[in-house]
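Coordinates in review
Residue-level listing of the chains:
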Amino acid sequence: MPLPSGRTLDHAAICGLDGGVWAQSASFPGLSDEEVGNILKGYGDISLLGEKGVTIGGNKYMLIASDVEEGVIRGKNGPAGVVIKKTVSGLVIGMHGSEVATAECSLVVEKLADYLKDQGI
């Protein structure tokens, strides 16, 4: 899915709540079961991600915003960022570099996650 600016995300993945990867870009840095577990714990207690950040593929992102009622978590690591949205049974993850704004990444990640939620996925 192209971004409104015509740019693309650096990495993207969809994984199950058990950590199993359903789809990912070729360069996605990977996601360990522990990292998925920590993200899911953060939905229950967002202060955990505020303290420890969000880690994906060994890269730590500082929590910058969240809306756990909507299932959205956003993080930054320098100019790079990550947006995660929880669906019924999975997580949609988008990672961007300095040329893409977090808001733009959020738009596409949330749109895909909302579509999957509407399908019961």
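The coordinates are above.
Residues numbered from 1 in each chain as written. Predicted model: local features only at pLDDT ≥ 70, side-chain atom pairs only at ≥ 80, totals over all residues. Heavy atoms only, no water.

Attention shifts here to the pairing of strand E2 (residues 21–24). Regular strands have side chains that alternate between both faces of the sheet. Two strands pair when backbone bridges link them, and strand E1 (residues 11–16) and E2 are joined in this way by three bridges, in the antiparallel orientation. Across the sheet, Cys15 pairs through a bridge with Val21, a residue of E2. What sits between the antiparallel neighbours E1 and E2 is a turn of four residues, in which Gly19 has the positive phi angle 95°. (Pairing = 2+ DSSP bridges. Helix = DSSP H or I, 4+ residues; strand = E, 2+ residues; numbered from the N terminus.)

Taken as a whole and assessed by the stated rule, the structure comprises two salt bridges. Across the pair Glu110 and Arg74 runs a salt bridge whose closest N-O atoms are separated by 2.8 Å. Taken together, the positions of Glu110 in helix H3 (residues 102–118) and Arg74 in strand E5 (residues 72–77) put the pair 36 residues apart, joining distant regions of the chain. The closest approach of N and O atoms between Asp114 and Lys85, which form a salt bridge, is 2.5 Å. (Salt bridge = Lys/Arg side-chain N within 4 Å of Asp/Glu carboxyl O.)

Turning next to the environment of Val21. Structurally, Val21 can be placed in strand E2. Residues within four places of Val21 in sequence aside, it is in contact with Ile14 and Cys15. (Contact = heavy atoms within 4.5 Å.)

Here the focus is the packing of aromatic side chains. Applying the stated rule across the entire model yields zero aromatic pairs. Across the ring face of Tyr43, the terminal group of Lys86 is positioned such that the distance to the ring centre comes to 5.3 Å. (Phe/Tyr/Trp six-rings, centres within 6.5 Å; stacked < 30°, edge-to-face > 60°. Lys NZ or Arg CZ within 6 Å of the ring centre and 35° of its normal.)

With that out of the way, let us pick up the side chain of Glu104. Inspection of the secondary structure assignment puts Glu104 in helix H3. For Glu104, which is buried and forms no salt bridge, the nearest opposite charge comes from Arg7, at a distance of 5.1 Å. Reaching out from Glu104, the side chain makes a polar contact with the backbone nitrogen of Ser5 at a distance of 2.7 Å. Excluding residues that lie within four positions of it along the chain, Glu104 makes contacts with Leu3, Pro4 and Ser5. (Buried < 20%, exposed > 50% of the residue type's maximum accessible area, 1.4 Å probe, protein only. Lys, Arg positive; Asp, Glu negative; His and termini not counted. Polar contact = N/O pair within 3.5 Å; in protein donor to acceptor, adjacent residues only side chain to side chain.)

Bringing the environment of Met62 into the picture now. Relative to the elements of secondary structure, Met62 occurs in strand E4 (residues 59–67). Once the C-alpha coordinates of Met62 and Val82 are considered, the two residues, 20 residues apart in sequence, prove to be 9.5 Å apart. In this structure, Met62 is in contact with Arg74, Gly75 and Lys76, ignoring residues within four places of it in sequence.

Here we come to the sheet that holds strand E7 (residues 90–96). Taken in spatial order, the seven strands make up an open sheet running E2-E1-E7-E6-E5-E4-E3, and their pairing is antiparallel. Every other strand in the sheet has two partners, leaving E2 and strand E3 (54–56) as the edge strands with one partner each. Ignoring which end each strand starts from, the neighbouring axes of this sheet average 25° apart. Docked against the sheet, helix H1 (residues 33–44) engages E1, E3, E5, strand E6 (80–86) and E7, running at close to 70° with respect to E6. (Axes fitted to C-alpha atoms, helices over the stretch in contact; angles between N-to-C directions.)

With that settled, the discussion passes to the nonpolar core. Core analysis: the largest hydrophobic core is formed by 18 residues, its most contacted members being Ile39, Ile56, Ile84 and Ile93. Residues in contact with Ile56, not counting those within four places in the same chain, are Phe28, Pro29, Gly30, Leu31, Glu35, Ile39, Val82, Ile84, Ile93 and Met95. (Core = buried A, V, L, I, M, F, W, Y, C linked by side-chain atoms within 4.5 Å.)

Within the secondary structure, Glu35 is located in helix H1. The side chain of Glu35 is buried and forms no salt bridge, while Lys60, the nearest opposite charge, is found at 12 Å. Here Ser32 takes part through its backbone nitrogen, which lies 3.0 Å from a polar atom of the side chain of Glu35. Apart from the residues within four sequence positions on either side, Glu35 is in contact with Gly30, Thr55, Ile56, Gly57 and Gly58.

These values are about where atoms sit, not about what they do.
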